[in-house]
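# Architecture at a glance
Here is how the chains run, residue by residue.
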Amino acid sequence: MLHMILLECALELIPSEISAMKQVQKHAGRRGKKPSELLLDQSHHGREMTRLENGLQRGRPDIVFHSLMALLETPLCKSGNLTIHLHLQDGRIIEVNPEVRLPRNYDRFVGLIEQLLVKGQVPVEGTPLLHVIKKTLPKLISEFKKDISEAQSILAIENGSKTSIDSLQSIFPLDTPIPVIVGVGAFPHGDFPNELKELFGTHIELDKEVMMAWHVCAEILWIYSARTGVIKNRYSTT
Ligand SMILES: C[S@@+](CC[C@H](N)C(=O)[O-])C[C@H]1O[C@@H](n2cnc3c(N)ncnc32)[C@H](O)[C@@H]1O
């Protein structure tokens, strides 16, 4: 099982520090919502965000959007061997139902996430496709490991151990029952806090240059799928 966690996601509603600012009010007026119901987005609120603490690390919902597009509806996801969680910068965790078909259109995705962050789950009634769960990141990771000694927790990070595609293959187990937990940052700039880094046993670097989070997600997902024979097995069952 591959457990993907998008870490420190740059995904939040507009904070009160900038909600009264003219541009923010104007944008909210155009969207027909209150500022506190809108996603913070550097492309709309970039100037106002310079007032925010850690402003450079925040307001990039597109990173989560593209990363989810890279992970969902893949053969691994359809085979039931993938879980996806979003870890927000305030520590909350969102569970993504692997059966969710997200809107392909970015504006519609933004509307969905706004509803999620206001209400705590979408859809509001019935089986949630995305919902905030009452777990911390350390608890989530330790539950995934299930006391299985071979379980792996891997952080994708610049300055980790240099890992080619071939060596990434050999890191992964051959069998899907062994849990593999992989963390990928979903923020534009900066580094992970030290206490977060310590939650992962192995740190890997996949290229000598910084990569887009969604390319990292895709590389991990497809190498894992090949290593565990997921696609081959799907053919053999048809
Ligand atoms: C855009 S990076 C985030 C921050 C980055 N320090 C920056 O300044 O742009 C998004 C995430 O992708 C992963 N990542 C980026 N480059 C990587 C690399 N060369 N090897 C492994 N993971 C990488 C890390 O998990 C990182 O947090």
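About the thresholds
Residues numbered from 1 in each chain as written. Predicted model: local features only at pLDDT ≥ 70, side-chain atom pairs only at ≥ 80, totals over all residues. Heavy atoms only, no water. Axes fitted to C-alpha atoms, helices over the stretch in contact; angles between N-to-C directions. Helix = DSSP H or I, 4+ residues; strand = E, 2+ residues; numbered from the N terminus. Parallel < 35°, antiparallel > 145°, perpendicular 65-115°, else oblique. Left-handed = near helix turned anticlockwise from the far one by under 90°. Contact = heavy atoms within 4.5 Å. Salt bridge = Lys/Arg side-chain N within 4 Å of Asp/Glu carboxyl O. Buried < 20%, exposed > 50% of the residue type's maximum accessible area, 1.4 Å probe, protein only.

## Considerations on the packing of helix H2 (residues 22-31) against helix H3 (residues 42-49)
- At their nearest, the axes of H2 and H3 sit 9 Å apart, and the two run at 155 degrees to each other. Comparing the axis directions of H2 and H3 gives the class roughly antiparallel. You can see that H2 and H3 cross each other, and the crossing is left-handed. Contacts between H2 and H3 pair Gln23, Val24 and His27 from the former with His44, His45 and Glu48 from the latter.

## Quick notes on the pattern of salt bridges
- For the structure on display, the rule yields eleven salt bridges.
- The shortest N-O distance in the salt bridge between Arg31 and Glu114 comes to 2.6 Å. Taken together, the residues Arg31 in helix H2 and Glu114 in helix H6 (residues 106-119) connect sequence positions 83 residues apart.
- Under the relative-accessibility criterion, Arg31 is labelled partly exposed at 32%.
- Across the salt bridge formed by Glu143 and Lys139, the nearest N and O atoms sit 2.5 Å from each other. Of the two residues, Glu143 and Lys139 are both situated in helix H7 (residues 137-145); the distance of four residues between them amounts to about one turn of the helix.
- The class for Lys139 is partly exposed, based on a relative accessible area of 41%.
- One network of salt bridges, with partners in common, ties together Arg31, Lys33 and Glu114.

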